[in-house]
Amino acid sequence: TTEIYTLSLHDALPISLDILAGKFFHEKEFVKTVAIIGGGNVGLKLAKSLEALKLNIKIVEKDEERCRFLAQELENTLVINGDGTDGKLLRFHL
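Draft legend 1. Broad picture of the overall build of the protein chain. On a plain count of helices and strands, the protein chain comes out with five helices and three strands. Across the protein chain, helices and strands are ordered from the amino to the carboxyl terminus as α-α-β-α-β-α-β-α. When each of the 94 residues of the protein chain is scored for burial, the buried share is 32%. As presented, the protein chain carries roughly 6600 Å² of accessible surface, and 53% of it is formed by carbon and sulfur atoms.

The following block contains the structure:
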């Protein structure tokens, strides 16, 4: 079964992303793979927090230069250069 959860910047403001990621993904042990659409500051912070939980993390970012930066900053995350709204890309890579 595939489940999709969304996180918006508005959702993250009241609590830190570390707490959110830790509480949500750690308590729901069935989560093994996480896809993050967008490698901005929030996506980067979320990916770093999730790396500590030993999950299979993929981040999709449109900007090639930002992808290079993300790849340097993240140790255990697959960075995919592409459009996060492209259904074919999402089906193939996620």
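Read on, since the account is not over.
Draft legend 2. Here's a closer look at the pattern of salt bridges. Evaluation of the coordinates by the stated rule reveals two salt bridges. The salt bridge partner of Glu73 is Lys48, with a shortest N-O separation of 3.2 Å. Note that Glu73 is positioned in helix α4 (residues 64-73) and Lys48 in helix α3 (residues 41-51), a separation of 25 residues in sequence. Residue classification places Lys48 among the partly exposed residues on the basis of a relative accessible area of 38%.

Draft legend 3. Inspection of the packing of α3 against α4 at higher detail. Relative orientation of the contacting elements α3 and α4 amounts to 25°, with a least axis distance of 11 Å. Taken as axis vectors, α3 and α4 run roughly parallel relative to one another. For the element pair α3 and α4, the recorded crossing hand is right-handed. Within the contact between the two elements, α3 uses Asn41, Leu44 and Lys48 and α4 uses Arg66, Phe69, Leu70 and Glu73.

Draft legend 4. Region of interest: the nonpolar core. Counting 14 residues, the largest nonpolar core has Val34, Ile36, Leu50, Ile57, Ile59, Leu70 and Leu74 as its most contacted members. Among the elements of the structure, β1 (33-37), α3, β2 (56-61) and α4 are those that each provide at least two residues to this core. With four residues, the single largest contributor to this core is α3. With near-sequence residues (within four places) excluded, Ile59 lies in contact with Ile36, Gly38, Gly39, Gly43, Leu44, Leu70, Leu74, Thr77, Leu78, Val79 and Ile80.

Draft legend 5. Summary view of the side chain of Thr77. Tracing the chain through its elements places Thr77 in strand β3 (residues 77-81). A distance of 2.8 Å separates the side chain of Thr77 from the side chain of Glu51, its partner in a polar contact. Setting aside residues no more than four positions away along its own chain, Thr77 makes contact with Ala47, Glu51, Ile57, Lys58 and Ile59.

Draft legend 6. Region of interest: the sheet that holds β1. An order of β1-β2-β3 is seen for the three strands of this open sheet, with the pairing classed as parallel. Looking at strand neighbours, the two that pair on one side only are β1 and β3, the edges of this open sheet. Neighbour-to-neighbour, the strand axes of this sheet turn through a mean angle of 20°, independent of strand direction. Direction of pairing for β2 relative to β3: parallel, over a ladder of five bridges. Bridge pairing links Val60 to Ile80 in β3. The sheet contacts of α4 involve β2 and β3, and relative to β3 the element is tilted by about 170°.

Conventions and cut-offs
Residues numbered from 1 in each chain as written. Predicted model: local features only at pLDDT ≥ 70, side-chain atom pairs only at ≥ 80, totals over all residues. Heavy atoms only, no water. Helix = DSSP H or I, 4+ residues; strand = E, 2+ residues; numbered from the N terminus. Buried < 20%, exposed > 50% of the residue type's maximum accessible area, 1.4 Å probe, protein only. Areas by Shrake-Rupley, 256 points an atom, 1.4 Å probe, with all protein chains shown as cover. Salt bridge = Lys/Arg side-chain N within 4 Å of Asp/Glu carboxyl O. Axes fitted to C-alpha atoms, helices over the stretch in contact; angles between N-to-C directions. Parallel < 35°, antiparallel > 145°, perpendicular 65-115°, else oblique. Left-handed = near helix turned anticlockwise from the far one by under 90°. Contact = heavy atoms within 4.5 Å. Core = buried A, V, L, I, M, F, W, Y, C linked by side-chain atoms within 4.5 Å. Polar contact = N/O pair within 3.5 Å; in protein donor to acceptor, adjacent residues only side chain to side chain. Pairing = 2+ DSSP bridges.

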